[in-house]
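Listed below are the residues making up each chain.
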Amino acid sequence: TKESGISSAGASEGGTFEYDNNINPYYLLGIQDIYLRYNSRNNMIQQNKSYSGSMPSSIPYRFNYTYDDAGYPVQLLKNFRSYSSNTHLYTEKTVYTY
């Protein structure tokens, strides 16, 4: 999947995304947000974004899921990197309970 956008002030943002073949529980629940993060039936596993104008200090770039036997995620390790230096900064852990 690919996205792009530009503001009235000329700042822009774009990116590409890769997804797995497993179940996205947020999609099944019908949860929606302004960034359209939960519109896919599958889970995002990689994100590559670029910015011009205002730039974030950290961006997520890799998503490592652990799944149960039914295909639902039980854990997510989301890696963040510095946008300016491309170095790994930290990992965020999410545990799903059903």
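Structure: see above.
Please read all numbers here as calculations on a predicted model, not as lab measurements. (Residues numbered from 1 in each chain as written. Predicted model: local features only at pLDDT ≥ 70, side-chain atom pairs only at ≥ 80, totals over all residues. Heavy atoms only, no water.)

**Description of the nonpolar core**
Note the following rule: What makes a nonpolar core is a set of buried Ala, Val, Leu, Ile, Met, Phe, Trp, Tyr and Cys residues whose side-chain atoms join them at distances within 4.5 Å. Each residue is placed in one exposure class: buried if its accessible area under a 1.4 Å probe, protein chains only, is under 20% of its type's maximum, exposed if it is over 50%, and partly exposed if it falls in between. By the convention used here, residues are in contact when the closest approach between their heavy atoms is within 4.5 Å.
Membership of the largest hydrophobic core is limited to 6 residues, which are Phe17, Met44, Phe63, Tyr65, Leu76 and Tyr96. Excluding residues that lie within four positions of it along the chain, Leu76 makes contacts with Phe63, Asn64, Tyr65, Glu92, Lys93, Thr94 and Tyr96.

**Section: the pattern of salt bridges**
Note the threshold: We count a salt bridge whenever a side-chain nitrogen from Lys or Arg sits within 4 Å of a carboxyl oxygen from Asp or Glu. Each helix corresponds to a stretch of at least 4 residues labelled H or I by DSSP, and each strand to a stretch of at least 2 residues labelled E; elements are numbered beginning at the N terminus.
What the rule picks out here adds up to 3 salt bridges. Ionic pairing is found between Glu3 and Lys49, a salt bridge with its closest N-O pair at 2.4 Å. Within this pair, whereas Glu3 is found in strand β1 (residues 2–6), its partner Lys49 is found in strand β3 (residues 44–52), the two being separated by 46 residues in sequence. Since its relative accessible area comes to 30%, Glu3 is described here as partly exposed. What makes Lys49 buried here is its relative accessible area of 9%. For Glu92, the salt bridge is made with Lys78, and the minimal N-O distance between the two is 3.9 Å. Note that Glu92 is positioned in strand β6 (residues 88–95) and Lys78 in strand β5 (residues 73–82), a separation of 14 residues in sequence. Taking relative accessible area as the criterion, Glu92 reaches 33% and is therefore assigned partly exposed. A cluster of three or more residues bridged by salt bridges with shared partners is formed by Glu3, Glu13 and Lys49.

These figures come from the coordinates and say nothing about function on their own.
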